[in-house]
Structures are given as structure tokens and as C-alpha cells.
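Residue-level structure breakdown
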Amino acid sequence: MPPGKVYHLKTLFDWINRDYFSGSVRCKLAWGRVRAARVRRVRQLGRFEPRANRIVLNPVLDQPGVPVFVVASVLHHEMCHAVVPAKRRSGYTEFHGPEFKALERKFRDYRAARDWVRANRKFLFQAPKNHVILPSRGVAAADAMSQLFLF
Ligand SMILES: [Zn+2]
């Protein structure tokens, strides 16, 4: 696993696994590929790949302007996917059902992380790397996309 320039995923994973999952989560970890800002269209901060049993985090998270509780929250979210499988419903697959959400909200900084991501979407997905924009409440509010789940 690539260690990451700023955040070491295995360290965060072990901490979250111990505190929230009694050490029961077993999966691989990776940072995704770095993409140019113009092609950073997939606004997904992380994903869980069930077949590979692997969590992949978007490398936009691996920079000093991103608080550790945000990276930890995304990792926790993906670990919830490792624990709560997607369920087949009539006509669609439910990824974030009630069981999932209940587990996700146990994370201490869940709300703070969600708010930070909403306020810093431009920083994460459009601005050049290392161009730090401090958290601002007003940035995302007008943007309808901010209502979507980001990871
Ligand atoms: Zn998800």
C-alpha cells in the first residue's frame, strides 16, 4: 500500500477498526490515482470494492489542507460498507440503508466531517493541489450538488 504523502491509511484504519469495529474489519487499503483537476469529475472521496475487499480513497484527501477527521470519516464510511453489504431491493441496490446509516453516524466526527466536505468541495475537486481554501460555510450552500452524498 502506498503510504500517502500526508496520511498513513493503515494507521488511521487500525485506530478506527479498534474504536468502532472491535478490530473486526479485514480489508486492503489503497490511495486512488492522482488525476488532473480538469478530469476530477468523479466526486467520490472513497469507495469500497467488495470483490477485491479493498477500500480506495481519493488522493485529493492526502494533502495538508484536509483535516484528519475528514480522512478518518471517509475511511470509516468505507469500512461501514465492508461491514454492511449492499442490499438488493426491487429495481435498485441499496448502499446506504438504515442499518448502514446507523453505523455510519456512530463516528464521532461524522457531522463535522460532512459539513467540512460540503464547504470545501471546490477545494477538493476543482482547485489546484496545495491551493488551500479555509472552511467557509457559504461556499457550498448555493450548490445543489452539496446535498448529494459525497462518498
Ligand atoms: Zn457509501
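The structure reproduced in this document is the subject of the present report.

Calculation criteria
- Residues numbered from 1 in each chain as written.
- Predicted model: local features only at pLDDT ≥ 70, side-chain atom pairs only at ≥ 80, totals over all residues.
- Buried ≥ 20, exposed ≤ 12 C-beta atoms within 10 Å, placed from the backbone.
- Helix = DSSP H or I, 4+ residues; strand = E, 2+ residues; numbered from the N terminus.
- Arc of directions from axis to C-beta.
- Contact = placed C-beta atoms within 7 Å.
- Pairing = 2+ DSSP bridges.
- Axes fitted to C-alpha atoms, helices over the stretch in contact; angles between N-to-C directions.
- Core = buried A, V, L, I, M, F, W, Y, C linked by C-beta atoms within 7 Å.
- Parallel < 35°, antiparallel > 145°, perpendicular 65-115°, else oblique.
- Nonpolar A, V, L, I, M, F, W, Y, C, P; charged D, E, K, R; others polar.

For helix α1 (residues 9–21), every residue scored as buried is listed here: L9, F13 and Y20. On an axial view of α1, the arc spanned by its buried residues comes to 70 degrees, and they lie on one face. Every exposed residue of α1 that faces more than 90 degrees away from the buried side is listed here: T11, W15 and R18. Those residues of α1 that are buried are in contact with β1 (28–31), β3 (54–57) and α2 (68–83). Once α1 ends, the next one or two residues include S22, with phi positive near 50 degrees.

A word on the sheet that holds strand β2 (residues 46–49). Read from one edge to the other, the open sheet built from three strands follows the order β1-β3-β2, with strand pairing classed as mixed. Unpaired on one side and paired on the other, β1 and β2 mark the two borders of the sheet. Averaged over neighbouring strand pairs, the angle between their axes works out to 20 degrees when direction is ignored.

If you look at the biggest cluster of nonpolar residues, it comprises 23 residues, and the most contacted ones within it are L57, L61, V70, V71, V74 and L75. Looking at this core, the elements with two or more residues in it are α1, β3, α2, α4 (110–119) and α5 (121–125). With residues up to four places along the chain from it excluded, the contact list for V70 reads L61, A113, W116 and V117.

It is worth spelling out unusual backbone geometry at this point. In the Ramachandran plot, S22 falls in the positive-phi region, its phi being about 50 degrees despite a non-glycine side chain. One can find S22 in the loop between α1 and β1. For S22, a count of 8 C-beta atoms within 10 Å corresponds to the exposed category. Of note in the backbone geometry, N53 takes a positive phi value of approximately 50 degrees without being a glycine.

Mapped onto the secondary structure, C27 falls in the loop between α1 and β1. Ignoring sequence-local partners within four residues, the contact set of C27 consists of N53, R54, I55 and A82.

Moving on to the packing of α2 against α4. Viewed as axis vectors pointing N to C, α2 and α4 meet at an angle of 105 degrees, and their least axial separation amounts to 9 Å. When the axis of α2 is compared with that of α4, the two are roughly perpendicular. Within the contact between the two elements, α2 uses F69, V70 and S73 and α4 uses Y110, A112, A113, W116 and V117. Class assignment for the residues of the contact of α2 with α4 results in seven nonpolar, one polar and no charged.

Before going further, it helps to examine the environment of K101. Mapped onto the elements, K101 comes out in helix α3 (residues 98–104). With 12 C-beta atoms counted inside 10 Å, the residue K101 sits in the exposed group. With 24 residues separating them in the primary sequence, K101 and H77 have C-alpha atoms 9.2 Å apart.

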